[in-house]
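# Topology and contacts: notes
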Amino acid sequence: MKKYGIAVLPGDGIGPEVVAECTKVLKALQGHIGGFELDLQHYDVGVSRFLKTGVAMSDSDFKACRDADGIILGAVGMPSPDLPMVVDKNGTEVSGHVMFRLRFDLDLFAGVRPIKLWPTVPSALAGHENIDIVLVRENTEGLFASYGGGIVLKDQLAADVQIITREGCEKVFDFAFKLAMNRKGRLGEGRLSDGKKVVTCAQKANVFRSFAFFKKVFGEVAQKYAGEVMEDYAFIDALTLWMLQTPEKFDVVVSENAHGDIISDMAAAFVGGMGMAPSGDIGLEFAMFQPAHGTGPTIAGKGIANPTATVLSGKMMLEWLSDKHNDPTLAAAAVLLDKAVYNTFAKGVKTSDIGGTASTSAWGDEVVAQLRALPV
Ligand code: ATP
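Residues numbered from 1 in each chain as written. Predicted model: local features only at pLDDT ≥ 70, side-chain atom pairs only at ≥ 80, totals over all residues. Heavy atoms only, no water.

## Focus: the domain arrangement of the protein
Where we set the bar: The split of the chain into domains comes from an automatic or database domain assignment. Contacts between residues were defined by any pair of non-hydrogen atoms, one from each residue, lying within 4.5 Å. Accessible surface is computed with a 1.4 Å probe, and the buried area is the amount of it that two parts give up when combined, taken over both parts together.
Domains assigned within the protein are domain 1 (1–111 + 278–376) and domain 2 (123–271). Of the residues lining the interface, 17 residues belong to domain 1; the matching set on domain 2 comes to 12 residues. Summed over both partners, the interface of domain 1 with domain 2 buries about 1,300 Å², with 59% contributed by carbon and sulfur atoms. Together, Phe104, Phe109 and Gly111 form the three largest contributors to the area buried by domain 1 at its contact with domain 2, with a combined 45%.

## Focus: helix 8 (residues 257–268)
Heads up, the rule is: Secondary structure elements are defined from DSSP: runs of H or I of at least 4 residues count as helices, runs of E of at least 2 residues count as strands, and each element is numbered from the N terminus. Expected span of a helix: the number of residues minus one, times 1.5 Å. Exposed residues in this analysis have more than 50% of their type's maximum accessible area, buried residues have under 20%, and partly exposed residues fall in between, with area computed by a 1.4 Å probe over protein chains only. Under the rule applied, a polar contact is a pair of N or O atoms within 3.5 Å (in protein, one hydrogen donor and one hydrogen acceptor; residues adjacent in sequence only if both atoms are side-chain atoms).
Its 12 residues give helix 8 an end-to-end C-alpha distance of 17 Å, which sits within 8% of 16 Å, the value for a rise of 1.5 Å per residue. Judged by how many residues are buried, helix 8 sits mostly within the fold: 9 of 12 residues are covered. Listed as buried for helix 8 are Asn257, Ala258, His259, Gly260, Ile263, Ser264, Met266, Ala267 and Ala268. Tucked into the core, helix 8 has its buried residues touching strand 4 (110–116), strand 5 (132–138), strand 8 (198–203), helix 6 (209–223), helix 7 (236–245) and strand 10 (252–255). For helix 8, the N-terminal cap is Glu256; the gap from its side-chain oxygen to the backbone nitrogen of Ala258 is 3.0 Å.

## Side note on the pairing of strand 11 (residues 278–282)
Convention followed: Here, strands pair whenever DSSP counts at least two bridges between them.
Of all 5 residues making up strand 11, 5 are buried, and the element is well covered by its neighbours. By the alternation rule, side chains of strand 11 split into Pro278, Gly280 and Ile282 and Ser279 and Asp281, which are all buried. Taken together, the 3 bridges between strand 4 and strand 11 define a ladder with antiparallel strand orientation. Note on strand 11: the bridge partner recorded for Gly111 is Asp281. Pairing between strand 11 and strand 12 (residues 287–291): 5 bridges, direction antiparallel. Bridging across to strand 12, Ile282 finds its partner in Ala287. Connecting the antiparallel pair strand 11 and strand 12 is a turn made up of 4 residues.

## Concerning the site of the ligand
Inclusion rule: The nearness test applies per residue and asks whether one of its heavy atoms lies within 4 Å of the molecule or strand. Accessible surface area values rest on a Shrake-Rupley calculation with a 1.4 Å probe, where residue burial reflects the displayed protein chains alone. Amino acids are sorted into nonpolar (Ala, Val, Leu, Ile, Met, Phe, Trp, Tyr, Cys and Pro), charged (Asp, Glu, Lys and Arg) and polar (every other residue, Gly among them).
Among the 13 residues in the neighbourhood of the ligand, the closest are listed as His293, Gly294, Thr295, Gly296 and Asn306. In this structure, a nitrogen atom belonging to the ligand sits 3.2 Å away from a side-chain N or O atom of His293. Contact with the protein chains removes 64% of the 590 Å² of surface that the ligand exposes when unbound. Its residues assigned to classes, the shell around the ligand shows 5 nonpolar, 6 polar and 2 charged.

## A look at the sheet that holds strand 10
In sheet architecture, strand pairing relies on hydrogen bonds along the backbone and comes in two forms, parallel and antiparallel. Note the threshold: Angular values range over 0 to 180 degrees, each being the angle between N-to-C directions of two axes fitted as lines to C-alpha atoms, with helices fitted over their stretch in contact.
Strand order in the open sheet formed by 10 strands is 2-1-3-12-11-4-5-10-8-9, and the pairing between neighbours is mixed. Strands at the two margins of the open sheet, each flanked by one partner only, are strand 2 (36–42) and strand 9 (230–235). Averaged over neighbouring strand pairs, the angle between their axes works out to 25° when direction is ignored. Two strands pair when backbone bridges link them, and strand 1 (residues 2–11) and strand 2 are joined in this way by 7 bridges, in the parallel orientation. Each residue of the ladder has a partner; that of Lys2, found in strand 2, is Phe36. Helix-sheet contacts for helix 9 (residues 308–325) involve strand 1, strand 2, strand 3 (70–75), strand 4, strand 11 and strand 12, and the interaxial angle to strand 12 is about 160°.

## What to know about the environment of Met230
You can see Met230 is positioned in strand 9. Placed 135 residues apart in sequence, Met230 and Asp365 show a C-alpha to C-alpha distance of 42 Å. Non-local contacts of Met230, meaning those with residues more than four positions away in its chain, are made with Phe177, Arg186, Lys196, Lys197, Val198 and Val199.

## Notes on the pairing of strand 5
Across the 7 residues that make up strand 5, a large majority, 7, are buried. A two-sided burial pattern is seen for strand 5, the buried positions comprising Asp132, Val134, Val136 and Glu138 on one face and Ile133, Leu135 and Arg137 on the other. Across 7 bridges, the pairing between strand 4 and strand 5 is antiparallel. Paired with Ile115 across the two strands is Ile133, which belongs to strand 5.

Written out as structure tokens, the structure reads:
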């Protein structure tokens, strides 16, 4: 039986609540399917820890994450609405000490955010039922490369620099095209639902040289996949409009870091909100899986947070581990988990943010019941 070491970082606010449901479901899956073992080791990181100890993530906890086979993170940030934002000496949020350290130091260059609408879940886009897009956010460069840098001069001038490198572009574009090759293509209803595999490059090449370079390198990488995956381009401002009007036009969308940060929150509204948006921060060697949302300080401790995004992030981890270790049992576990989540929504069991009445743990319990009812 293959054993995988998983570093679990519940973090702050609703992080521990949603992570508890993810680990509950993963353990149930392991018991139901058999043939693999997840050794879940918990570590205390985040702003609450920073307030207690002055350090958001210790070096030994970082090392444990690097040594693990996979990482699950809840959320890092404001633990409660009563506290002011906790900032470091640069005036930026302490949460970056965990998230950016893991992303940058483990080179998790692809921020993968599936945007999929589940049955009975309300979308902010009326009349679009088949939404199934994957956003790939370049995760280690762009404007965010300035984190911890940037300048403020004499309290009169401030600057952050956007970094775009050929190597960073080639890695993330390759990732996006490979992802598109393994998908079924754009699926939605309407005249653009042609099943074509498409990667759209979001940028602002009409204004910035760095984005003109980003676009050029995309075109070069696209040549490797010509005939199999269509290359497509959109200026970031127009992209937001087109995604709202015709989400069916999109299959995989790749973008610079800050642009990806913004469009992924917008796209989460297409599928029920932040509680429905899973993510994977993936590199060539390491990967971390976390809901796309933050700490939800106003709903923390109430037992009402939606754990779907975190449970689906756990599913993404199973898929990634399966690919990396060539372990089909984990791929089968991910398929079973997908079915259990589908059946849970089809039955109408939902948390209050998406129009239901289930508590955080009641939703997790229903997923466990649904997966135990599925044949292995
Ligand atoms: P942070 O500042 O750490 O990003 P936040 O909660 O302010 O945290 P988001 O996570 O983007 O920012 O959340 C935006 C909104 O969505 C908030 O109203 C939040 O309460 C809500 N929300 C986020 N996650 C969930 C969830 N899992 N279940 C229900 N509502 C959520």
